[in-house]
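# Chain and residue survey
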Amino acid sequence: MLVPVGHWPEVFLEKPGEPPVPWTDWISEFDKHLKEERCSEKEKADWLRGFLGEEGLLVLQRLPGPTETYEEIVSALTDHYKPSMSKIGHWPEVFLGKPGDPPVPWTDWISEFEKNLKEERCSEKAKVDLQRRFLGKEGRRVLQSLPGPTRTYEEIVSALTDHYKPSMPKTTVALLVGGAIIGGVGAVVVAPFVLTGIGFTSAGITAGSYAAAMMSSAAVANGGAVATGSTVAILQSAGVLGLSTVATTAVGAAGAAGGGLVTEVVREMLSNETQPENKP
């Protein structure tokens, strides 16, 4: 019989209890080394039994079905150690089984899902499989439609968190901006945060934001360009400059004057028909 070379994994399960390494991770590492060896099917099965450990062999002997060949051993133990979704806690319902709004907000659902997931000893692949299973038919369709990588568990969570992040109703945004501008001295502190939130940032206007929608509407109304001194132009300057002396003066003046600028902001935002659509 050949002698294993290189850095092989520790035995899988030497004594009773939970395996120190999830089975799917362990057998994956074992397979990597096995592929480097030139051995027969019988030798592969013998090596695997040798690395299972004393308790691992007892577990294998208690399993039903054939466990003679290497493939049969791997299949039996993979089935035995697959994550059990009924042994712990109350797993949430599937996230989205059919088209429409999710019955539970994504952030609440994934929080509950992860509470249960932490109780399981499963590999990254098993986490992804469980996640996809619980997303539901429509949830999986939504995931497939999203841009960017969605292969790992973290990538799936990140993509869906971004997709389902709440967006402010335009009336709320308009009132926030209006309140920040008309607040006079207080506006100097509040306005930068509000402006950034709706897309008027130091790096420019954020694509797909309310600011972008306002700019598009203003440009169309002015023949293709945003007019100097318009509401959008003033807010864009305030966002880029971070409320410099000039922008601060403009905002303070608007508040002191009783809100000539805020009237324009609210009017434009409430009448803007090119605003970004809310995500489902």
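Residues numbered from 1 in each chain as written. Predicted model: local features only at pLDDT ≥ 70, side-chain atom pairs only at ≥ 80, totals over all residues. Heavy atoms only, no water.

### Comments concerning the overall build of the protein chain
Helix and strand content of the protein chain: 13 helices and two strands. The 280 residues of the protein chain split such that 39% are buried. Long-range pairs, those at least 24 residues apart, make up 64% of the contacts in the protein chain with a sequence separation of at least 6. About 16200 Å² of surface is accessible on the protein chain, with carbon and sulfur atoms providing 58% of the total. (Helix = DSSP H or I, 4+ residues; strand = E, 2+ residues; numbered from the N terminus. Buried < 20%, exposed > 50% of the residue type's maximum accessible area, 1.4 Å probe, protein only. Contact = heavy atoms within 4.5 Å. Areas by Shrake-Rupley, 256 points an atom, 1.4 Å probe, with all protein chains shown as cover.)

### Some words on the pattern of salt bridges
All chains considered together, the criterion is met by ten salt bridges. When the shortest N-O distance is used, the salt bridge between R62 and E55 registers 3.8 Å. For E55, a relative accessible area of 13% translates into the label buried. Residues E138 and R141 are paired through a salt bridge, measuring 2.7 Å at the closest nitrogen-oxygen approach. Here R141 and E138 lie together in helix α6 (residues 124–145), a separation of three residues that amounts to about one turn. The class of E138 is buried, set by a relative accessible area of 11%. Here the salt bridges do not stand alone but share partners, grouping E41, K44 and E71 into one network. (Salt bridge = Lys/Arg side-chain N within 4 Å of Asp/Glu carboxyl O.)

### Thoughts on the nonpolar core
One finds W106, F113 and L160 to be the most contacted residues of the largest nonpolar core, which totals 23 residues. Taken together, the elements giving at least two residues each to this core come down to α5 (106–117), α6 and α7 (153–163). Per-element tally for this core: the top contributor is α6, with seven residues. If we ignore the near neighbours within four places in the chain, the residues touching F113 are W91, P92, L130, Q131, F134 and Y153. Among the nonpolar cores identified, the runner-up in size contains 21 residues, and W26, Y70, I73 and V74 belong to it. (Core = buried A, V, L, I, M, F, W, Y, C linked by side-chain atoms within 4.5 Å.)

### Concerning the side chain of T150
Looking at the secondary structure, you find T150 in the loop between α6 and α7. Excluding its chain neighbours within four sequence positions, the residues that come into contact with T150 are R132, L143, E155, I156 and A159.

### Quick word on the packing of aromatic side chains
Pairs of aromatic rings are described using the distance from one ring centre to the other and the angle between the two planes. Counted under the stated rule, the structure contains twelve aromatic pairs. Between F12 and W23, the aromatic rings sit 5.1 Å apart at their centres with planes inclined by 80°, giving edge-to-face as the arrangement. Placement of the pair is F12 in the segment before α1 (23–34) and W23 in helix α1, with a sequence separation of eleven residues. Judged by relative accessible area, which is 2%, F12 ranks as buried. (Phe/Tyr/Trp six-rings, centres within 6.5 Å; stacked < 30°, edge-to-face > 60°.)

### Brief notes about the side chain of N116
Among the secondary structure elements, N116 is positioned in helix α5. Within the structure, the side chain of N116 is placed 3.0 Å from the backbone oxygen of E112, a separation counted as a polar contact. (Polar contact = N/O pair within 3.5 Å; in protein donor to acceptor, adjacent residues only side chain to side chain.)

### Let's talk about the environment of E120
Examined against the element boundaries, E120 turns out to sit in the loop between α5 and α6. Separated by 98 residues in sequence, E120 and P22 place their C-alpha atoms 9.7 Å apart.

### Details of the confidence of the model for the protein chain
Predicted confidence across the protein chain gives a mean pLDDT of 73, with 66% of residues reaching 70 or more. Counting interchain partners and residues more than four positions distant, the pLDDT-below-50 stretch residues 1–5 has twelve contacts. Within the model, pLDDT remains below 50 along residues 272–280, and this stretch shows 23 contacts once partners closer than five positions in the same chain are excluded. (pLDDT = per-residue confidence, 0-100.)

### Considering the packing of α6 against α7
For the pair α6 and α7, the least separation of the axes is 9 Å and the interaxial angle reads 30°. In terms of their interaxial angle, α6 and α7 are classed as roughly parallel. The two elements α6 and α7 meet at a crossing, and its hand is left-handed. For the pair α6 and α7, contact is made by E124, K127, V128, Q131, R132, L135, V142 and L143 and by Y153, E154, I156, V157, L160 and H163, respectively. When grouped by side-chain class, the residues that make up the contact of α6 with α7 number eight nonpolar, two polar and four charged. (Axes fitted to C-alpha atoms, helices over the stretch in contact; angles between N-to-C directions. Parallel < 35°, antiparallel > 145°, perpendicular 65-115°, else oblique. Left-handed = near helix turned anticlockwise from the far one by under 90°. Nonpolar A, V, L, I, M, F, W, Y, C, P; charged D, E, K, R; others polar.)

### Side note on α5
Here α5 is twelve residues long and its end C-alpha atoms lie 16 Å apart, about the 16 Å a rise of 1.5 Å per residue gives. Those residues of α5 that sit buried are W106, W109, I110, F113, N116 and L117. Considered in projection along α5, the buried side chains sweep an arc of 120° and stay on one side of the axis. Looking at the buried positions of α5, the neighbouring elements they touch are α6 and α7. (Expected span 1.5 Å × (residues − 1). Arc of directions from axis to C-beta.)

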